[in-house]
Number of protein chains: 4
Amino acid sequence: MIVILKENPNRDQLESLIHWLQDKGVTVHSTVGSHKTILGLVGDTSSLDIGLISALDIVENVKRVQEPYKNANRKFHPEDTVIDLGTTTIGGGSLTIMAGPCSVESEQQVVAIAKAVKASGATMLRGGAFKPRTSPYSFQGMGAEGLRLLSIAKKETGLPIVTEIMEESQLPLFDDVDVIQVGARNMQNFNLLKTLGAQNKPVMIKRGMSSTYEEWLMSAEYVMAGGNEQVILCERGVRTFETYTRNTLDLAAIPVLRKLTHLPIIIDPSHATGKADLVAPLAVAAVAGGADGLLIEVHNDPPRALCDGAQSLRPEAFDELAGKLYKMHDFMKTL
Amino acid sequence: MIVILKENPNRDQLESLIHWLQDKGVTVHSTVGSHKTILGLVGDTSSLDIGLISALDIVENVKRVQEPYKNANRKFHPEDTVIDLGTTTIGGGSLTIMAGPCSVESEQQVVAIAKAVKASGATMLRGGAFKPRTSPYSFQGMGAEGLRLLSIAKKETGLPIVTEIMEESQLPLFDDVDVIQVGARNMQNFNLLKTLGAQNKPVMIKRGMSSTYEEWLMSAEYVMAGGNEQVILCERGVRTFETYTRNTLDLAAIPVLRKLTHLPIIIDPSHATGKADLVAPLAVAAVAGGADGLLIEVHNDPPRALCDGAQSLRPEAFDELAGKLYKMHDFMKTL
Amino acid sequence: MIVILKENPNRDQLESLIHWLQDKGVTVHSTVGSHKTILGLVGDTSSLDIGLISALDIVENVKRVQEPYKNANRKFHPEDTVIDLGTTTIGGGSLTIMAGPCSVESEQQVVAIAKAVKASGATMLRGGAFKPRTSPYSFQGMGAEGLRLLSIAKKETGLPIVTEIMEESQLPLFDDVDVIQVGARNMQNFNLLKTLGAQNKPVMIKRGMSSTYEEWLMSAEYVMAGGNEQVILCERGVRTFETYTRNTLDLAAIPVLRKLTHLPIIIDPSHATGKADLVAPLAVAAVAGGADGLLIEVHNDPPRALCDGAQSLRPEAFDELAGKLYKMHDFMKTL
Amino acid sequence: MIVILKENPNRDQLESLIHWLQDKGVTVHSTVGSHKTILGLVGDTSSLDIGLISALDIVENVKRVQEPYKNANRKFHPEDTVIDLGTTTIGGGSLTIMAGPCSVESEQQVVAIAKAVKASGATMLRGGAFKPRTSPYSFQGMGAEGLRLLSIAKKETGLPIVTEIMEESQLPLFDDVDVIQVGARNMQNFNLLKTLGAQNKPVMIKRGMSSTYEEWLMSAEYVMAGGNEQVILCERGVRTFETYTRNTLDLAAIPVLRKLTHLPIIIDPSHATGKADLVAPLAVAAVAGGADGLLIEVHNDPPRALCDGAQSLRPEAFDELAGKLYKMHDFMKTL
């Protein structure tokens, strides 16, 4: 950590700051310039509160040099995290394809889609039971009943399930769920993250609509700090000024996260763009860019979907896309 | 609602759409152009799912004409909402000043600050007991004990309390709280909003970091749809590319919301800027712009604050500012 | 175009608006709802000034239905534009690789890099002679001398040149240049665009840092409206809140533009990310996503580059990348 | 400037970097930590190219400590810049009100508006002759004839003129103009800025739609580095995800710039919001926040304005607003 002091800092305050830092076990090197004095702090600075130091009268600015996350940091955990779901693994070179409807609507619907996507090569079934909707007047998901229907579809197909949790109290219903998803709007619902850190199912954290890579990794850190190291990161677009697409998919997240963290990286082109015809080219690009997998909405009757139909692929379109994704994944090994 | 069809829409599908809309009680007027056909939907369209219609093969685009919020809409509720806390009111022409520490740290601290801000003219005491922090390694607030200390400060000063809730399970602890705050990161924690709609304490909803006015009002609508009409909106800056300030304070929110809604509007210049020296000019500007009140961080020892010290005013600086705010508020009545 | 009227519009004003629109050759269909009246305007509305209509007292909102660009619109020009530079073509299924240094620094430097990138498969040489720099104290490019050195490199290698123009007065110096680049900061320098529309060299327009797809296409329209149909679009990242990368590369631009326009689409991962180690994965992803080509910075000595060294690839790294790009391009034909 | 090295940097490269820096007249202090080595550079670092150092193999990150602007920096020029236009001054405690039509449309129009705004207290006449328009098919301004009409209005009213230049070649036409405006889209048209630095009329630089404070000040620096110290900064809103207003007006710019620079600060609420009914409250708030002045669009017939009518005030509304602004400005002296 680097502390940049204001011009002509009060000597007493400066000495007291240096002593306080040394008490915390940090070594302080100071560089006195013509206009500025700079303190270089060496040692374990992750427990120092940057805001606290910034607030000191003599301090102009504080800059962190080391990343504030540890468990999620590739530096301290060079090997890729691989999540084993029994029938499939996520991360470490395999290609994960999570597919299914935005919302579970009926047993018939979810089982039919599950069978279709399995036949096309999906490795997991996605489907929303608890749905975060902007309007209180929109369909809010089937809830517990939706989870029950997902279980049936799992039994019928063998596909592990990924579905979203919206609050702690729903956790007991997630027994048969394989990966618990935290939605973009809950990425910084820290109590929910702590709850998920205290249980042992894998957790997939979607990036908040305006969250930096660092904030996203800090949310993973919340789960991991609680003892649950099975975390997956899912990029789903960030909010920008562009309104043609729902959000702006940030595929640079793939190589950036690959460098910063050992956690698997999933891309969701369906929510990012909100338009079915943009899903396939971006899904293919994501695999080419090194993603560990994709989250894709598939619906047997998009126009009648109770949620987000505009971005859902029909099973036939998904079938074609899944074929391309596997070919691309194989091709990438030769590149 | 306006539905723009693709060129040469399938006739059968078009007829089936029109019948379906009419079944929903909506009158459909169609305008056939050289390139496009447009359907104008008239009647109560708030229950129509925009995504569902967008997904139809024959539809190019759907545009909403009416606001999707009702309870929060000034059109259907022209008078200002005024929230009565007994000793003070929020909205309707009065000036609300919520002041206090970012975090409650000790009885001595919170009582001393409460007394100081009351003497300066604050009408409410703010103070965080449950703190949403980006890092799991930062101070997370005193929790239940913090709420107990706020109660003591309330008893000592008579100031009503506003403090943040982070999840439903904390609600029983909020008995002595006067206004329950929903933080920016929880603005779209819809389950929490529903919970708060089902109880009867006033709720102050901070704007999400990248939330539009409409999404923000829809979050208010969640609370109001549950039966709790006592909602306050708090602007605290939106996230932009600018990094000099923590966020970009959007004071246009004041006249915009004044037009769209009848709910009181509070401005938080402390969190928006993250810098104590920017708080006073922006607080003064907010009152001049028509805000119903302010949320201001005050700490007796900013450099030792356990949270966000860099943006806290010292009691003397707050005293000077509060004086200016009241003078400005009086002056505005003469303008 | 759709005009949404305020409630209870003044009848005289409404009639006068309808007459005025009809005078412009537009047919008006009105839909009278319980709360709103909507006018559907049919015919050539591209010459109607949306701001002018919005300003009318009786108008609440105006929404465009048709795209405001014509020459750049795929609807009116379904075939891909292919730009023929003699030795190479841009668009229409070929893969364009523009490579070279950010700035031309010396004859030795630019010739050496040109030879290297040609050997690796580049189809065009890029190199800046006039450099837009944030600081007046940074190196501003070699100017006319830089263009002369690019010509020498072109003679030595046969590679066509793409380089940036910063103002009209520089145009006479661009005689030997094959594609004239308009930088992101000049995307809405409308006078420069008009100048380039009145000459006949191909023009590559970089997307402005906060420009929508539509604004970008309107800038292409400026050039095309002047009679020059040879326009190339280059995505180079948009500005967001994320600071880890210089900008956020928007690869969704590829399928979106493919649908909206017939113009070739080039991706610049070097400027978008500002980090050399992110260039290769994003370049590969761009080809997989359907881009017509790439713009890549290559420098024989990045640490000594006078500009943007941090994002430049060394010739060996570029050689490896170019090989992958061609393999990916071939593979995509089989997908 | 602070240089953070990668772990275990190559010793030879490190020594060579240190020697190179010392050759540039910079003193280097190094701090060796357990994970990182940090170099603190002391002396005049404004000429060091940050990108160049970042590109070195051994360097992980470079952070600037001092501002990269000098002439615009309040640290080196503590007194406010006051611009004297003869009949009025800008900055230094006076209130500047620039008012007039978005576009000059006719002699009758501009003279009538000029007389009206003068009578209401405007200190300068604004009016566009060269108009940057997104569409080549929109009205582009009257050009030279527009400037001639502004001169007539100036002669009739005595009001100094502020109007926009779009390229260098237009400069000879600006003889009778008092303040030359650089539009948001040209904020980083560096050649234009250099041209304006080499002449001696005051220059008002509008903030680019996605420009940081620092970039904006660097654009001022371009003009000032050329020898023209008469620069005015005009905030006109930044681009965000919010679509209700055209842009998001950033009033925090006032106290931020006041601290960083000595240049006058003007606020343009008309372009920022794009809505006439938001202009007055934000103009009042801007004066309360400490702005040196305002830029306000006034049109005698907004619905017939050839440009941006939706955001123009009628003369009567401007008259009322101007009265409030002067009262607020007087009141602020007593606060």
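For the structure, see preceding data.
Anyway, here's the lowdown on the structure attached to this text.

1. Observations concerning the state of the cysteines
Stage number 1. Tallied over the entire structure, the rule returns zero disulfides over all chains.
Stage number 2. For the unlinked cysteine Cys 234 of chain C, the closest cysteine sulfur is that of Cys 102 of chain C, found at 13 Å.

2. Regarding the side chain of Glu 235 of chain A
Residue and element names in this part refer to chain A.
Stage number 1. If you trace the backbone, Glu 235 turns up in strand E12 (residues 231-235).
Stage number 2. The class of Glu 235 is buried, set by a relative accessible area of 0%.
Stage number 3. A polar atom in the side chain of Glu 235 sits 2.8 Å from the side chain of Arg 207.
Stage number 4. Excluding residues within four positions of it along the chain, Glu 235 makes contact with Arg 207, Trp 216, Thr 248, Leu 249, Asp 250, Ala 253, Ile 266, Ile 267 and Asp 268.

3. Re the packing of aromatic side chains
Stage number 1. One pass over the full model with this rule turns up 14 aromatic pairs over all chains.
Stage number 2. Aromatic pair Phe 190 of chain B and Tyr 222 of chain B: ring centres 4.7 Å apart, planes at 25°, arrangement stacked. On the criterion of sequence distance, the pair formed by Phe 190 of chain B in helix H5 (residues 190-197) and Tyr 222 of chain B in helix H6 (residues 213-225) is long-range, its members being 32 residues apart. For the pair formed by Phe 190 of chain B and Tyr 222 of chain B, the shared burial category is buried.
Stage number 3. In this structure, Lys 70 of chain A packs its charged tip against the face of Tyr 137 of chain B, placed 5.1 Å from the ring centre.

4. Considering the interface of chain D and chain C
Stage number 1. With 44 residues of chain D in contact, the opposing surface of chain C contributes 44 residues.
Stage number 2. Approximately 4,000 Å² of surface area, both sides summed, lies buried where chain D meets chain C, with 49% of it carried by carbon and sulfur atoms.
Stage number 3. Our count for the contact surface shared by chain D and chain C stands at two salt bridges.
Stage number 4. Joining chain D to chain C, the criterion identifies 19 residue pairs in polar contact (both at pLDDT 80 or more).
Stage number 5. Contributing elements (two or more residues each) for the side of chain D that touches chain C: helix H2 (50-54), helix H5 (190-197) and helix H6 (213-225) of chain D.
Stage number 6. Sorting elements by how many residues they give to the side of chain D that touches chain C places H6 of chain D first, with five residues.

5. Observations concerning the sheet that holds strand E1 (residues 2-5) of chain A
Residues and elements named next belong to chain A.
Stage number 1. Taken in spatial order, the four strands make up an open sheet running E2-E3-E1-E4, and their pairing is antiparallel. Either end of the sheet is taken by a strand with one partner, and the two such strands are strand E2 (27-32) and strand E4 (59-63). Recorded for the sheet is a direction-independent mean angle of 20° between the axes of neighbouring strands.
Stage number 2. Here E1 runs beside E4; their pairing, made up of four bridges, is antiparallel. Its bridge partner lying in E4, Leu 5 is registered against Val 59.
Stage number 3. This element, helix H1 (residues 11-23), spans E1, E2, strand E3 (37-42) and E4 of the sheet and lies at about 10° to E3.

Rules of the game
Residues numbered from 1 in each chain as written. Chains lettered and ligands numbered in written order. Predicted model: local features only at pLDDT ≥ 70, side-chain atom pairs only at ≥ 80, totals over all residues. Heavy atoms only, no water. Disulfide = S-S within 2.5 Å. Helix = DSSP H or I, 4+ residues; strand = E, 2+ residues; numbered from the N terminus. Buried < 20%, exposed > 50% of the residue type's maximum accessible area, 1.4 Å probe, protein only. Polar contact = N/O pair within 3.5 Å; in protein donor to acceptor, adjacent residues only side chain to side chain. Contact = heavy atoms within 4.5 Å. Phe/Tyr/Trp six-rings, centres within 6.5 Å; stacked < 30°, edge-to-face > 60°. Lys NZ or Arg CZ within 6 Å of the ring centre and 35° of its normal. Buried area = accessible area lost by both parts, 1.4 Å probe. Salt bridge = Lys/Arg side-chain N within 4 Å of Asp/Glu carboxyl O. Pairing = 2+ DSSP bridges. Axes fitted to C-alpha atoms, helices over the stretch in contact; angles between N-to-C directions.

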